[in-house]
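The residues making up each chain are set out below.
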There are 2 protein chains.
Amino acid sequence: MPVVDELDSEIIRLLQTDARQSNRELARRLGVAPSTCLERVRALTRRGVIRGYHADIAPAALNRSVQALVSVQVRPLSRAVIDTFKDSANALPEVLSVFVLAGGDDFLLHVAVQDLDHLHAFLLDRLSKRREIAGFRTSVIFQQEHDTAPSRLPSPTSAE
Amino acid sequence: MPVVDELDSEIIRLLQTDARQSNRELARRLGVAPSTCLERVRALTRRGVIRGYHADIAPAALNRSVQALVSVQVRPLSRAVIDTFKDSANALPEVLSVFVLAGGDDFLLHVAVQDLDHLHAFLLDRLSKRREIAGFRTSVIFQQEHDTAPSRLPSPTSAE
DNA sequence: CGGAATGGCTGGCAAAATGCCGGTCGTGGA
DNA sequence: TCCACGACCGGCATTTTGCCAGCCATTCCG
């Protein structure tokens, strides 16, 4: 399953950078025929290496300018409690992602909301009311940087 | 810039779910003409709402089966130290993303490595050697779930 | 050692999608 | 009322996709 050769790695790298480039462009950059490239991509998808393609959206445009990380401790530490909390947290619209952790905290929630008032409301209305939560700690995010850098922006007059 | 109407929101939602679907498919689901949909997507890109498209890759296929969150405290808390650490952390291949935080911790690093030995090596070789680091705490990630479906946050500009 | 089977790559072709352009409709202002 | 303006639509040339048969290197096996 995790058999990924050099060509596969290059395909993955290019698709991580820009998932919307055409198969022809992909093949051109890799120096292989488009049909070869297409079959490689399909094989990677079939094997579960490529799990999907997602657009990267500016949070501000969606009224989610304030982001925070919330460390959560739950009790008791049973599978039922953990699974239930994980699913319900994931279902909240403010929650971008849920981490289940080993160590001092049991969960880390990455949340995005409109402003600080909404963050406060989220903590009080969504978290404090849950009985299984033994405690939580919130850190507002000043900046966030991904290593998968924003790709080339498709420009209508782009020359190459 | 954050002028996003109902149609734009639907486009964003669909592209977050699957960024590789064709413009025709997108238009069909929205009930508009393909040319209309294409112009909308380009306008969203031009305005910076859509920042890019990225493939979602299974970490196991890239020898990144072990992921962890590392809380870091640096001293002194100056802009120079923070910016330097942020940039250098982001340049490390093991680091997926860097959060600059308000609160008890100054940074949170999301790292992905091959196994626990490599995690240990990362902590010792990359972090412990840095003088500005006052302390750090590592939490191994058992599970992570992303939110790729949601997005109707209660917002004052959403007219419905 | 030789022959055949296997897997991957290539090029080309029909079908589909993209990108562009002019036309149409509905709205708001003078 | 009339006009300007923006958004949407439909169609057409060009590009891209998806598929297929053939080629070549490697490997397996007699």
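Analysis parameters
- Residues numbered from 1 in each chain as written.
- Chains lettered and ligands numbered in written order.
- Predicted model: local features only at pLDDT ≥ 70, side-chain atom pairs only at ≥ 80, totals over all residues.
- Heavy atoms only, no water.
- Helix = DSSP H or I, 4+ residues; strand = E, 2+ residues; numbered from the N terminus.
- Rg over C-alpha atoms; globule rule 2.2 N^0.38 Å.
- Buried < 20%, exposed > 50% of the residue type's maximum accessible area, 1.4 Å probe, protein only.
- Contact = heavy atoms within 4.5 Å.
- Buried area = accessible area lost by both parts, 1.4 Å probe.
- Salt bridge = Lys/Arg side-chain N within 4 Å of Asp/Glu carboxyl O.
- Polar contact = N/O pair within 3.5 Å; in protein donor to acceptor, adjacent residues only side chain to side chain.
- Expected span 1.5 Å × (residues − 1).
- Arc of directions from axis to C-beta.
- UniProt positions renumbered as here; feature names shortened; annotations may be inferred.
- Least-squares fit on C-alpha atoms with pLDDT ≥ 70 in both.
- Domains from an automatic or database assignment.
- Near = heavy atom within 4 Å.
- Nonpolar A, V, L, I, M, F, W, Y, C, P; charged D, E, K, R; others polar.
- Phe/Tyr/Trp six-rings, centres within 6.5 Å; stacked < 30°, edge-to-face > 60°.
- Lys NZ or Arg CZ within 6 Å of the ring centre and 35° of its normal.
- 1 Å grid on protein atoms, 1.4 Å probe; cavity = no way out; pocket = protein on both sides within 12 Å on 5 of 7 lines; lining within 4 Å.
- Points joined across faces, edges and corners; volume = space filled by probe spheres on them.

**So, the overall build of chain A**
Reasoning step 1: Looking only at helices and strands, chain A features 5 helices and 5 strands.
Reasoning step 2: Reading the helices (α) and strands (β) of chain A from amino to carboxyl end gives α-α-α-β-β-α-β-β-α-β.
Reasoning step 3: The C-alpha radius of gyration of chain A comes to 21 Å, more than 25% above the 15 Å expected for a compact globule of 160 residues.
Reasoning step 4: For chain A, the spread of C-alpha atoms along the three principal axes comes to 60 × 40 × 20 Å.
Reasoning step 5: Looking at chain A residue by residue over its 160 residues, the buried ones come to 42%.

**Points about the interface of chain B and chain A**
Reasoning step 1: Contacts between the two partners involve 57 residues from chain B and, on the opposite side, 64 residues from chain A.
Reasoning step 2: Summing both sides of the interface, chain B and chain A together bury roughly 5,800 Å²; the carbon and sulfur share of this comes to 53%.
Reasoning step 3: Where chain B touches chain A, the interface holds 4 salt bridges.
Reasoning step 4: Where chain B packs against chain A, one counts 31 residue pairs in polar contact (both at pLDDT 80 or more).

**Focus on helix α5 (residues 116–127) of chain A**
Residue and element names in this part refer to chain A.
Reasoning step 1: For α5, which comprises 12 residues, the first-to-last C-alpha distance of 16 Å matches the rise-based estimate of 16 Å (1.5 Å per residue) to within 8%.
Reasoning step 2: Among the residues making up α5, those that are buried are L119, F122, L123 and L127. Summarising the axial view, the buried residues of α5 lie within an arc of 95°, below the 170-degree limit, and thus occupy one face.
Reasoning step 3: Looking at the packing, one finds that the buried side of α5 touches β2 (66–74), α4 (79–91), β3 (95–101), β4 (107–113) and β5 (133–146).
Reasoning step 4: A side-chain oxygen of the first residue of α5 lies 3.2 Å from the backbone nitrogen of D117; this N-cap is D115.

**Section: the UniProt feature "domain: HTH asnC-type" (unreviewed entry) in chain A**
Reasoning step 1: The sites that UniProt annotates as "domain: HTH asnC-type" (unreviewed entry) are residues 4–65 of chain A.
Reasoning step 2: The span residues 4–65 of chain A is 53% helix and 13% strand, and its two end C-alpha atoms sit 38 Å from each other.

**Section: the relation of the copies chain B and chain A**
Mapping between the two chain copies consists of a rotation about an axis together with a translation along that axis.
Reasoning step 1: Note on the copies: chain B fits chain A at an RMSD of 0.2 Å, the axial shift is 0.1 Å, and the rotation between them is 180°. This pairing of chains is accounted for by a two-fold axis. The C-alpha atom lying nearest the rotation axis in chain B is that of H54 of chain B; the distance is 2.8 Å.
Reasoning step 2: Here 93% of the interface residues in chain B have copies in chain A that are interface residues too; the copies meet face to matching face.

**Here's the deal with the domain arrangement of chain A**
Reasoning step 1: According to the domain assignment, chain A consists of domain 1 (6–46) and domain 2 (59–140).
Reasoning step 2: Domain 1 of chain A and domain 2 of chain A are separated by 37 Å when their C-alpha centres are compared.

**Concerning the protein's contact with DNA strand D**
Reasoning step 1: As a matter of local geometry, DNA strand D sits amid S22, N23, R24, S35, L38 and R42 of chain A together with L7, V32, A33, S35, T36 and R40 of chain B.
Reasoning step 2: Per the 4 Å cut-off to the protein, sugar and phosphate atoms form 63% of the nearby atoms of DNA strand D.
Reasoning step 3: Measuring from a base oxygen of DNA strand D, one finds a side-chain N or O atom of S35 of chain B at 3.0 Å.
Reasoning step 4: Sorting the residues of the surface near DNA strand D by element identifies α2 (23–30) and α3 (34–46) of chain A together with α3 (34–46) of chain B as the ones contributing at least two each.

**Points about the protein's contact with DNA strand C**
Reasoning step 1: Surveying the vicinity of DNA strand C reveals the residues L7, V32, A33, S35, T36 and R40 of chain A together with S22, N23, R24, S35, L38 and R42 of chain B.
Reasoning step 2: Between DNA strand C and the protein, one listed contact pairs a phosphate oxygen with a side-chain N or O atom of T36 of chain A at 3.0 Å.
Reasoning step 3: In this structure, R42 of chain B approaches DNA strand C through a side-chain N or O atom, which is 2.6 Å from a phosphate oxygen.
Reasoning step 4: The set of elements that each furnish at least two residues to the surface near DNA strand C consists of α3 of chain A together with α2 (23–30) and α3 of chain B.
Reasoning step 5: When the residues that make up the surface near DNA strand C are grouped by side-chain class, the tally is 4 nonpolar, 5 polar and 3 charged.

**What about helix α4 (residues 79–91) of chain B?**
Reasoning step 1: The terminal C-alpha atoms of α4 of chain B, which comprises 13 residues, lie 18 Å apart, in line with the 18 Å expected from a rise of 1.5 Å per residue.
Reasoning step 2: Within α4 of chain B the residues assigned to the buried category are V81, I82, F85, K86, A89 and N90 of chain B. Viewed along the axis of α4 of chain B, the buried residues span an arc of 150°, placing them on a single side of the element. Opposite its buried face, α4 of chain B presents the exposed residues R79, A80 and A91 of chain B, each directed more than 90 degrees away.
Reasoning step 3: In this structure, the buried residues of α4 of chain B make contact with β5 of chain A together with β2 (66–74), β3 (95–101), β4 (107–113), α5 (116–127) and β5 (133–146) of chain B.

**Let's talk about the packing of aromatic side chains**
Reasoning step 1: Considering all chains together, one arrives at 2 aromatic pairs over all chains under this definition.
Reasoning step 2: Of note, R20 of chain A hangs over the ring of Y53 of chain B, and the distance from its end group to the ring centre comes to 5.2 Å.

**Regarding empty space enclosed by the protein**
Reasoning step 1: Counted by the stated rule, this structure contains 1 cavity of 30 Å³ or more.
Reasoning step 2: When its volume is computed, the largest cavity comes out at roughly 150 Å³.
Reasoning step 3: Contributing to the lining of the largest cavity are 15 residues, with S71 and L108 of chain A together with S71, L108 and R137 of chain B lying nearest its centre.
Reasoning step 4: Mapped by element, the contributors of at least two residues to the lining of the largest cavity are β2, β4 and β5 of chain A together with β2 and β5 of chain B.

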